[in-house]
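# Examination of the molecular architecture
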Amino acid sequence: AQTVTQSQPEMSVQEAETVTLSCTYDTSESDYYLFWYKQPPSRQMILVIRQEAYKQQNATENRFSVNFQKAAKSFSLKISDSQLGDAAMYFCAYRRSYGKLTFGQGTILTVHP
Amino acid sequence: DGGITQSPKYLFRKEGQNVTLSCEQNLNHDAMYWYRQDPGQGLRLIYYSQIVNDFQKGDIAEGYSVSREKKESFPLTVTSAQKNPTAFYLCASSIEGAGAYEQYFGPGTRLTVT
């Protein structure tokens, strides 16, 4: 069974600084997809960024980027120029070619003004 | 506006009663999902459905039941057999198939059983 591990239960960052959230996963598949979701205090889940495993280039979405290391099965999220609105719980998620998502336990990010 | 609706936002029930949580989507998605989230925890999959009239158990299906009679609707019943039903429940939907398809989530239902 696939597992997703987020080893940092909580992280904090100063406004305008950069923070990296870690995620590792376990799979025997070669074709899969990885995601980072954000859950702010409203509890609405929002997709932040996605990565296809067959792509070597790391995905970026504005201030959000990933460091995808396929051999190491690592998928970290970097948030640059952190803003107060980035404060949320962040979930890493894995999906095989078809089917369901497997989520990590989440990392609570606090942004200090 | 396309999206997923869950109702109600807050639900209170007495122990021993079954309760049904509603989930509707107008995104024309084939796949729908139910997750449970406990305080400070990640999301755990209860049931999912990839097509109308078919569904599969997730990781924590015991004490729950679902139906998928229409593409748009995927209600979840929390039965009296569920030992710890108090939780936050999230419904999601997505395109079914190979691809980095995003799951779209509803706003959630907070169920409290006393």
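Scroll up for the structure.
Residues numbered from 1 in each chain as written. Chains lettered and ligands numbered in written order. Predicted model: local features only at pLDDT ≥ 70, side-chain atom pairs only at ≥ 80, totals over all residues. Heavy atoms only, no water.

## Points about the state of the cysteines
Residue and element names in this part refer to chain B. Selection criterion: We call a pair of cysteine sulfur atoms a disulfide whenever their separation is within 2.5 Å. The helix and strand labels rest on DSSP assignments: H or I over at least four residues marks a helix, E over at least two residues marks a strand, and numbering proceeds from the N terminus. Throughout, exposure labels follow a simple rule: accessible area from a 1.4 Å probe, protein chains only, divided by the maximum for the residue type, with under 20% read as buried, over 50% as exposed, and the rest as partly exposed.
Scanning all chains against the criterion turns up 2 disulfides over all chains. Between the sulfur atoms of C23 and its disulfide mate C91 the distance is 1.8 Å. Given an S-S torsion of about -70 degrees, the disulfide between C23 and C91 has left-handed geometry. One end of the pair, C23, is in strand β3 (residues 19-25); the other, C91, is in strand β9 (residues 87-94), and 68 residues separate them in sequence. Classification of C23 by relative accessible area gives buried; the value is 1%.

## Some points on the sheet that holds strand β7 (residues 64-66) of chain B
Sheets are built from strands paired through backbone hydrogen bonds, the pairs being either parallel or antiparallel. All names here are of chain B. The test is simple: When DSSP locates at least two bridges between a pair of strands, those strands are taken to pair. Think of each axis as a best-fit line through the C-alpha atoms, taken over the contacting stretch in the case of a helix, with angles from 0 to 180 degrees between the N-to-C directions.
Reading across from one edge, β1-β3-β8-β7 is the order of the 4 strands in this open sheet, with antiparallel pairing throughout. Strands with a single pairing partner mark the edges of an open sheet, and in this sheet they are β1 (4-7) and β7. Here the average twist between neighbouring strands, direction ignored, is 20 degrees. Two strands pair when backbone bridges link them, and β1 and β3 are joined in this way by 4 bridges, in the antiparallel orientation. Across the sheet, T5 pairs through a bridge with E24, a residue of β3.

## Here's the deal with the interface of chain A and chain B
What counts, and what does not: The contact criterion used is simple: two residues touch if any of their non-hydrogen atoms lie within 4.5 Å. Put simply, buried area is how much 1.4 Å-probe accessible surface two parts lose in total, over both of them, once they are put together. N or O atoms closer than or at 3.5 Å make up a polar contact, with two conditions inside protein: a donor-capable atom paired with an acceptor-capable one, and, for residues adjacent in sequence, both atoms drawn from side chains. Gly counts as polar in this scheme, as do all residues outside two lists: the nonpolar Ala, Val, Leu, Ile, Met, Phe, Trp, Tyr, Cys and Pro, and the charged Asp, Glu, Lys and Arg.
On the side of chain B, 25 residues touch chain A, which itself brings 21 residues to the contact. Across the chain A/chain B interface, buried area totals approximately 1900 Å², and carbon plus sulfur atoms make up 54% of it. At the surface where chain A touches chain B, the tally comes to 4 residue pairs in polar contact (both at pLDDT 80 or more). Elements that contribute at least two residues to the side of chain A that touches chain B include exactly β5 (32-39), β6 (46-52), β10 (88-96) and β11 (101-103) of chain A. A total of 4 residues in the side of chain A that touches chain B trace back to one element, the largest contributor, which is β5 of chain A. Taken together, the residues of the side of chain A that touches chain B sort by class into 10 nonpolar, 6 polar and 5 charged.

## Thoughts on the environment of N26 of chain B
Counting through the fold element by element, N26 of chain B comes out in the loop between β3 and β4 (31-37). At a separation of 2.6 Å, a polar atom in the side chain of N26 of chain B contacts the main-chain amide nitrogen of G3 of chain B.

## Comments concerning the pattern of salt bridges
Note the threshold: Within this document, salt bridges are pairs made up of a side-chain nitrogen of Lys or Arg and a carboxyl oxygen of Asp or Glu, the two lying within 4 Å of each other.
Considering all chains together, one arrives at 9 salt bridges over all chains under this definition. The salt bridge involving K100 of chain A is made with D59 of chain B; its shortest N-O contact spans 4.0 Å. Separated into two different chains, K100 of chain A in the loop between β10 and β11 and D59 of chain B in the loop between β6 (54-57) and β7 make up a pair that spans both. By relative accessible area, K100 of chain A is classed as partly exposed at 27%. Judged by its relative accessible area of 58%, D59 of chain B falls in the exposed class.

## As for the nonpolar core
Applicable threshold: Take the buried Ala, Val, Leu, Ile, Met, Phe, Trp, Tyr and Cys residues and link them wherever side-chain atoms come within 4.5 Å; each set so joined is a nonpolar core.
Within the largest apolar cluster, 25 residues are counted, with the highest numbers of intra-cluster contacts made by Y25, W36, F75, L77 and Y90 of chain A. Listed by contribution, the elements that provide at least two residues to this core are β3 (19-21), β5, β6, β8 (64-69), β9 (74-79), β10 and β12 (107-112) of chain A.

## Some remarks on unusual backbone geometry
Note the cis peptide between S7 of chain B and P8 of chain B, where omega equals -10 degrees. Summarising the element assignment, P8 of chain B is placed in the loop between β1 and β2 (10-13). Residues other than glycine seldom take positive phi values, yet K73 of chain A does so here, at roughly 55 degrees. Mapping K73 of chain A onto the fold places it in the loop between β8 and β9. Exposure remark for K73 of chain A: the relative accessible area of 27% places this residue in the partly exposed category.

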